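The residues making up each chain are set out below.
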Amino acid sequence: MPACFSLTETRNWCYRSAFSSSGLRSTVSDLQDGTVIHCWVPKSPDPTKPNLLLIHGFGANALWQWGDVIRHFVPHFNLYVPDLVFFGDSFTTRPDRTEAFQARSLMRALQRQPSPVRKLSVVGLSYGGFVGYSMAAQFGDAVDRVVICCSGVCMEEKDLKEDGIFSVSDLEEAAKILVPQCPDKLRELVGYAFFRPPPVGLLPPCLLTDFIESMCGEYTEEKKELLKAIPKGRKLSDIPKISQPTLIIWGEKDQVFPVELAYRMKRHLGENAELQVIKNAGHAFNVEKPKEFVKLLRTFLVDSYSSKLASSGKASNPNHKHTEECNGTATASH
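Everything numeric here is computed off the predicted structure, so don't read it as measured data. (Residues numbered from 1 in each chain as written. Predicted model: local features only at pLDDT ≥ 70, side-chain atom pairs only at ≥ 80, totals over all residues. Heavy atoms only, no water.)

**Q** Sorry if this is basic, but what is going on with helix H3 (residues 99–111) here?
**A** Side chains three or four residues apart in an α-helix point the same way, a direct result of the helix having 3.6 residues per turn. When the terminal C-alpha atoms of H3 are compared, their 18 Å separation across 13 residues agrees well with the 18 Å that a helix rising 1.5 Å per residue should span. Within H3, eleven of the 13 residues are buried, which leaves it mostly tucked inside the rest of the structure. Among all positions in H3, only Glu99, Phe101, Gln102, Ala103, Ser105, Leu106, Met107, Arg108, Ala109, Leu110 and Gln111 are buried. (Helix = DSSP H or I, 4+ residues; strand = E, 2+ residues; numbered from the N terminus. Expected span 1.5 Å × (residues − 1). Buried < 20%, exposed > 50% of the residue type's maximum accessible area, 1.4 Å probe, protein only.)

Put into structure tokens, the structure is as follows:
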């Protein structure tokens, strides 16, 4: 934490206030296996509303990545916004660094809320898309609809060795950029993430250092291990084909996960998937084109659910029983 006044922490406080005023509260779930998951959950879940899980990626924490989105969906869903393991207040002493482990940890935490989450839709940004896809594959009966945003789920380990696939193919260098520890690397990250990068080069190094210390200062090596675990032994033929209706959203100019991987995922999933490519946007299209992003989410999630209710003629409880049994306890923190 910075020793003096921090603009990053001030904005973080503003986001926490916004989450709280939107009807969410901070909870910490001890899974009793060395893993602790922090998650923003509804203060009073509405059993007539469907559940929606928003999973962040690398970079800023979940508050920053979803802070400008939640107001659009609180009226329609019970929202759940977790910190992934080694982000925010979530951590583990276990050695597993796979997205499958992240997915299981999130599901266990959700099922151990005072109002257990048994059915939900999932939206995953970048690394969060890997986790969301794994949740859909592992917990097919529990996951209703899936949105994968700029997430190279269908990449293969061999892609890193082929020229022209990734702007940065060396994993060590990629980890230094995605988990920046100095102002120059943070500037480099912004340059890769945006089609039209904001002028971070004009900001004094002290402000960039403030952001790094607040957002990237903890679990540095563990986060790098998470990144390196993604492509290890990865083959398209081993990636399960999820059966849920899936929306794939990608920035046309993505330099982190090239848009080629979006088309590859669409071919992999076939008719179950819909692909939307946002023009003149990069990896961080949720920041560059927020209105388009929200509109796509609303059409796929809100409108489709409303149509389902209209066709059935009645509302149903989305929290139907799911058979998986998990251990753990959930406690609230503020």
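Having seen it, we continue.
**Q** Would you explain the pairing of strand E4 (residues 78–82) in this entry?
**A** Taken residue by residue, a regular strand's side chains alternate between the two faces of the sheet. For E4, the buried fraction is high: five of the five residues fall into the buried class. Residues of E4 alternate between two faces, with Asn78, Tyr80 and Pro82 on one and Leu79 and Val81 on the opposite face, all of them buried. As defined by bridge partners, strand E2 (residues 35–42) adjoins E4 across two bridges and the pair is classed as antiparallel. Pairing of Trp40 across the sheet is with Val81, part of E4. Relative to E4, strand E3 (residues 51–55) runs parallel, the two being bridged by three bridges. Looking at the pairing, Leu53 lines up with Tyr80 of E4. (Pairing = 2+ DSSP bridges.)

**Q** Can you help me understand the packing of helix H5 (residues 171–178) against helix H6 (residues 183–193) in this one?
**A** Each pair of packed helices gets described by two things: the angle between the helix axes and the distance between those axes. Contact geometry of H5 with H6 gives a least axis separation of 8 Å together with a crossing angle of 95 degrees. When the axis of H5 is compared with that of H6, the two are roughly perpendicular. Residue-level contacts link Glu173, Lys176, Ile177 and Leu178 of H5 to Lys185, Glu188, Leu189 and Tyr192 of H6. Of the residues that constitute the contact of H5 with H6, the class distribution is four nonpolar, no polar and four charged. (Axes fitted to C-alpha atoms, helices over the stretch in contact; angles between N-to-C directions. Parallel < 35°, antiparallel > 145°, perpendicular 65-115°, else oblique. Contact = heavy atoms within 4.5 Å. Nonpolar A, V, L, I, M, F, W, Y, C, P; charged D, E, K, R; others polar.)

**Q** How do you make sense of the environment of Gly124 when you look at a structure like this?
**A** For Gly124, the position within the fold is in strand E6 (residues 120–125). Given the relative accessible area of 0%, Gly124 is considered buried. Taking the C-alpha atoms as reference, Gly124 lies 6.0 Å from Cys149; in sequence the two are 25 residues apart. Apart from residues no more than four positions distant in its own chain, Gly124 is found in contact with Ile55, Gly129, Val147, Ile148 and Cys149.

**Q** Where do I start with unusual backbone geometry in this structure?
**A** Trans is the common state for peptide bonds, and a negative phi is the common state for residues other than glycine. One non-glycine residue with positive phi stands out, namely Gln32, at about 65 degrees. Position of Gln32 relative to the elements: it lies in the loop between strand E1 (24–30) and E2. Despite not being glycine, Ser126 shows a phi value in the positive range, around 50 degrees. By the secondary structure assignment, Ser126 is in the loop between E6 and helix H4 (127–138). With a relative accessible area of 13%, Ser126 lands in the buried category.

**Q** When you look at a nonpolar patch on the surface in this model, what are you seeing that I'm missing?
**A** Side chains of Phe5, Leu7, Leu203 and Leu207 sit close together on the surface and give an oily, nonpolar patch of about 380 Å² of accessible area. Residue placement: Leu207 occurs in helix H7 (residues 205–215). (Patch = residues over 30% accessible without salt bridge, like charges linked within 9 Å, V, L, I, M, F, W, Y side chains within 5 Å. Areas by Shrake-Rupley, 256 points an atom, 1.4 Å probe, with all protein chains shown as cover. Salt bridge = Lys/Arg side-chain N within 4 Å of Asp/Glu carboxyl O.)

**Q** Would you take a moment to explain the environment of Gln255 for this structure?
**A** If you trace the backbone, Gln255 turns up in the loop between strand E8 (246–251) and helix H9 (260–269). Judged by relative accessible area, Gln255 falls into the partly exposed class, the value being 32%. With 60 residues separating them along the chain, Gln255 and Phe195 place their C-alpha atoms 8.4 Å apart. Residues in contact with Gln255, not counting those within four places in the same chain, are Ser167, Gly191, Tyr192 and Phe194. A distance of 3.4 Å separates a polar side-chain atom of Gln255 from the backbone oxygen of Gly191. (Polar contact = N/O pair within 3.5 Å; in protein donor to acceptor, adjacent residues only side chain to side chain.)

**Q** Help me out: how do you make sense of the packing of aromatic side chains in this one?
**A** Aromatic rings in a pair are described by how distant their centres are and how their planes are angled relative to each other. The final tally for this structure, using the stated rule, is twelve aromatic pairs. Ring geometry for Phe166 against Phe257: centres 6.2 Å apart, planes inclined by 75 degrees, an arrangement best described as edge-to-face. Highlighted residues: Phe166 in the loop between strand E7 (143–149) and H5 and Phe257 in the loop between E8 and H9, separated in sequence by 91 residues. Judged by its relative accessible area of 11%, Phe166 is buried. Judged by its relative accessible area of 11%, Phe257 falls in the buried class. Taken together, the ring pairs in this structure connect Phe58, Phe87, Tyr127, Phe130, Phe166 and Phe257 into an aromatic cluster. The residue whose ring lies beneath Arg11 is Trp64, and the NZ or CZ to ring-centre distance is 4.6 Å. The lysine or arginine in question, Arg145, covers the ring of Phe300, its NZ or CZ lying 4.1 Å from the ring centre. (Phe/Tyr/Trp six-rings, centres within 6.5 Å; stacked < 30°, edge-to-face > 60°. Lys NZ or Arg CZ within 6 Å of the ring centre and 35° of its normal.)

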